[in-house]
Amino acid sequence: MKLKNRRPLISIFGCVIPMLLVAAFVFNGCTALEEARQRREKRLLEERNASSLMLKTPKSEIDPDNITEDALFGESDHYTIKFAEDLLQLPAFDEVAERKEFILSALGYMESLYDAMHEHFGFHPEHKIHVTLHDAYRGSRLGAFTTTQYRSGIQNGRYVKFIGGIQMDFPMQMYEKHGVRAHELTHAFTNIYYIPVWFSEGIAVLIQSEYAQGGLHSKFDSLKADVQIDINGENELENWVGHTENSPLTQWRYRYAYTLVAELWERYGNDFYIKVFELMEADGLHQQLESLMPTSILVYYFSQVAGEDLVPFFRKLHFIKVRRLTKSDIVKYIETLNAQIQRRRE
Ligand SMILES: [Zn+2]
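What counts as what
Here the residue index of a chain counts from 1 through its sequence in written order. The predicted nature of this model means local features are confined to residues of pLDDT at least 70 and side-chain atom pairs, given and counted, to a pLDDT of 80 or more, with totals for whole chains, interfaces and linings taken over all residues. Each helix is a run of H or I in the DSSP string that is no shorter than four residues. Each strand is a run of E no shorter than two, and both are numbered from the N terminus. Think of it this way: build a C-beta for each residue from its backbone, and any pair within 7 Å is a contact. Confidence of the predictor in every single residue is expressed as pLDDT, which spans 0 to 100. Pairing between strands is defined by DSSP: at least two bridges between the two strands are required. Whenever a helix is involved, its axis is fitted only over the stretch in contact; in every case the axis is a line through C-alpha atoms, and angles between N-to-C directions fall within 0 to 180 degrees. Every C-beta atom is placed from the backbone, and the number of other C-beta atoms within 10 Å of a residue's own sets its class: buried at 20 or more, exposed at 12 or fewer, partly exposed in between. Angular relationships are summarised with four words: roughly parallel below 35 degrees, roughly antiparallel beyond 145, roughly perpendicular across 65 to 115, and oblique for the angles in between. The residue classification treats Ala, Val, Leu, Ile, Met, Phe, Trp, Tyr, Cys and Pro as nonpolar and Asp, Glu, Lys and Arg as charged. All others, Gly included, are polar. By definition here, a helix of n residues has an expected span of 1.5 Å times n minus one. The crossover handedness rule: strands pointing away from the viewer, path from first strand over the helix to second strand clockwise, crossover right-handed. Here a crossing is taken to be left-handed if its near helix is turned anticlockwise relative to the far helix by less than a right angle, and right-handed if that turn runs clockwise.

Asker: Looking at this structure, I do not really get the overall build of the protein chain. What am I missing?
Answerer: A count of helices and strands for the protein chain gives 11 helices and 5 strands. Excluding contacts between residues fewer than 6 apart, the proportion of contacts in the protein chain whose partners are at least 24 apart in sequence is 72%.

Asker: Is there a simple way to explain the confidence of the model for the protein chain in this structure?
Answerer: Close inspection of predicted coordinates is inappropriate in any region flagged by low pLDDT. Here the protein chain shows a mean pLDDT of 82. Residues at 70 or above account for 82%. Here helix α1 (residues 2–48) stands out as the element of the protein chain with the lowest mean pLDDT, 42, in contrast to helix α10 (residues 311–316), whose mean of 98 is the highest. Within the model, the stretch residues 47–54 combines pLDDT values under 50 with 16 contacts to residues more than four positions away or in other chains.

Asker: Explanation requested: the sheet that holds strand β1 (residues 73–75) in the structure shown.
Answerer: Backbone hydrogen bonds are what pair the strands of a sheet, in a parallel or an antiparallel way. The mixed open sheet is built from 5 strands, whose spatial order is β1-β2-β3-β5-β4. Two strands bound the open sheet, and with one partner strand each, they are β1 and β4 (145–155). The average angle at which neighbouring strand axes cross in this sheet is 20°, direction not considered. When β1 meets strand β2 (residues 79–83), the two strands line up antiparallel, connected through 3 bridges. Residue E75 lies in a different strand from β2, and its bridge partner there is T80. Running at roughly 150° to β2, helix α2 (residues 96–121) makes contact with β1 and β2 of the sheet.

Asker: Where do I start with unusual backbone geometry in this structure?
Answerer: Outside of glycine, negative phi angles account for most residues, and trans bonds account for most peptide bonds. In the Ramachandran plot, A71 falls in the positive-phi region, its phi being about 55° despite a non-glycine side chain. Tracing the sequence through the fold places A71 in the loop between α1 and β1. Although it is not a glycine, R138 adopts a positive phi angle of roughly 50°. For R138, the location among the structural elements is in the loop between β3 (129–134) and β4. A residue is classified by how many C-beta atoms lie within 10 Å of it, and R138, with 9 of them, is exposed.

Asker: How do you make sense of the environment of Y211 when you look at a structure like this?
Answerer: Its place among the elements puts Y211 in the loop between α5 (197–210) and α6 (250–268). Owing to 22 C-beta atoms within 10 Å, Y211 belongs among the buried residues under this scheme. When the C-alpha atoms of Y211 and G179 are compared, they prove to be 9.1 Å apart, with 32 residues separating the residues in sequence.

Asker: Looking at this model, I keep getting lost on the packing of α5 against α6. Mind explaining?
Answerer: How two helices sit against one another is set out by the angle between their axes and by the gap between those axes. Where α5 contacts α6, the two axes come as close as 8 Å, and the packing angle between them is 85°. Here α5 lies roughly perpendicular to α6, going by the angle between them. Along the contact surface, α5 presents W198, F199, E201, G202, I203, V205, L206 and S209, while α6 presents Y254, A257, Y258, L260, V261 and A262. Split into classes, the residues belonging to the contact of α5 with α6 amount to 11 nonpolar, 2 polar and 1 charged.

Asker: Please explain α6 as it appears in this structure.
Answerer: Because an α-helix completes one turn every 3.6 residues, residues spaced three or four positions apart along the sequence face the same direction. Here α6 is 19 residues long and its end C-alpha atoms lie 27 Å apart, about the 27 Å a rise of 1.5 Å per residue gives. On the buried face of α6, the contacting elements are α5. Of the residues one or two after α6, G269 is the one with positive phi, at around 95°.

Asker: Just checking my understanding: could you explain the pairing of β3 for this structure?
Answerer: For a regular strand, side-chain orientation follows a simple rule: the groups alternate between the two sheet faces. Bridge count between β2 and β3: 5 bridges; the pairing is parallel. Bridge pairing in β3 places F83 opposite L133. For the crossover from β2 across α2 to β3, the handedness is left-handed. Summarising the sheet, β3 and strand β5 (residues 158–171) pair through 6 bridges and their orientation is parallel. Across the sheet, the residue bridging to L133 is F170, located in β5.

Asker: What's the story with the pairing of β4 in this structure? I'm lost.
Answerer: Pairing between β4 and β5: 11 bridges, direction antiparallel. Counted as the bridge partner of G153 is V160 from β5. Turn length for the β4-β5 hairpin, with the two strands adjacent in sequence and antiparallel, is 2 residues, and the turn residue N156 shows positive phi of about 50°.

Asker: Help me understand helix α4 (residues 178–190) in this model?
Answerer: Along its 13 residues, α4 runs 19 Å from first to last C-alpha, staying within 8% of the 18 Å computed at 1.5 Å per residue. Every buried residue belonging to α4 is among H178, V180, R181, A182, H183, E184, L185, T186, A188, F189 and T190, and all of these are buried. Summarising the contacts, the buried residues of α4 are in contact with α2, β3, β4, β5, α3 (172–175) and α5.

Asker: Explain the packing of α4 against α5 to me, please; I cannot follow it from the model alone.
Answerer: Two elements in contact, α4 and α5, have axes separated by 8 Å at closest approach and are oriented at 140°. When the axis of α4 is compared with that of α5, the two are oblique. The element α4 and its partner α5 pack so that their crossing is right-handed. Where α4 approaches α5, its residues G179, A182, H183, T186, H187 and T190 are matched on the opposing element by S200, I203, A204, V205, I207 and Q208.

Asker: What exactly am I supposed to notice about the environment of F73 here?
Answerer: Mapped onto the fold, F73 is located in strand β1. A residue is classified by how many C-beta atoms lie within 10 Å of it, and F73, with 16 of them, is partly exposed. Residues F73 and R99, 26 residues apart in the sequence, show an inter-C-alpha distance of 9.1 Å. Apart from residues no more than four positions distant in its own chain, F73 is found in contact with T68, T80 and K82.

Below, the structure is given as structure tokens:
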């Protein structure tokens, strides 16, 4: 029986495959046109109605005069945007008018994200964020990269670094996904603070989910019930090394980080994180750290702003390394780091 059934199937495939090939060829042509049309419509819609992305119309106007004649480069108050050469071979970007339209819409979107980041976290970086769009970057269409450009040196006997700019490299395929775009751009704001991975990812997912409607990660119902701990009894968030990992825990980590960041925000109010970053900036921490700050330091700032000790809250969530610090503990920590850096440089 089985054998009988197989034969007709094979002969059906024999006919179907050439037909499919022809059909696919024709459809491809239509699909490309259709996609170009959809892309244009989507861009127009974004321009007209930025609120469809839950982002407001940007405060600053995008000046078309700040786009070069060949429309390979454009600039706004807080961003520059550039097309890499490999993109120009794509039908969607081989004409000046297409690129110009894209740049206007992209700068508008990014400026509105700037406003949101300023409103909710108080960020107002003095440097610009430089975005380069590629067809493929480092051989991949799936990875976006953020690089912090800074110079460092010894000033008044201390190691200090000065941020010159942020460079972001996006494969277009990634940039066109709202969620990914908002997530990665958020990192461009937080990277300079050297905050722990879980906190920077939590902020990025929060912005991605609540402001860009690109959320792939939903909040957990309960920080307590949905916690995951490792064999040492440590919260699996505390030991997160970041983006590049791909483990069965990754999804949980994004969701849990988002839940935790949102929880503190709801509990202590809209200006909670604004004040946290203000305090960190006032102490110049971001200029003196060479690597990510320990969660205990972050919790010190959280507690200062919350007006209560948050160490027990984190300990209950199995952040077993978090301990109560005083300002002088932090100063001592920075001094030790500084001495190490200077010894290395001698
Ligand atoms: Zn991220």
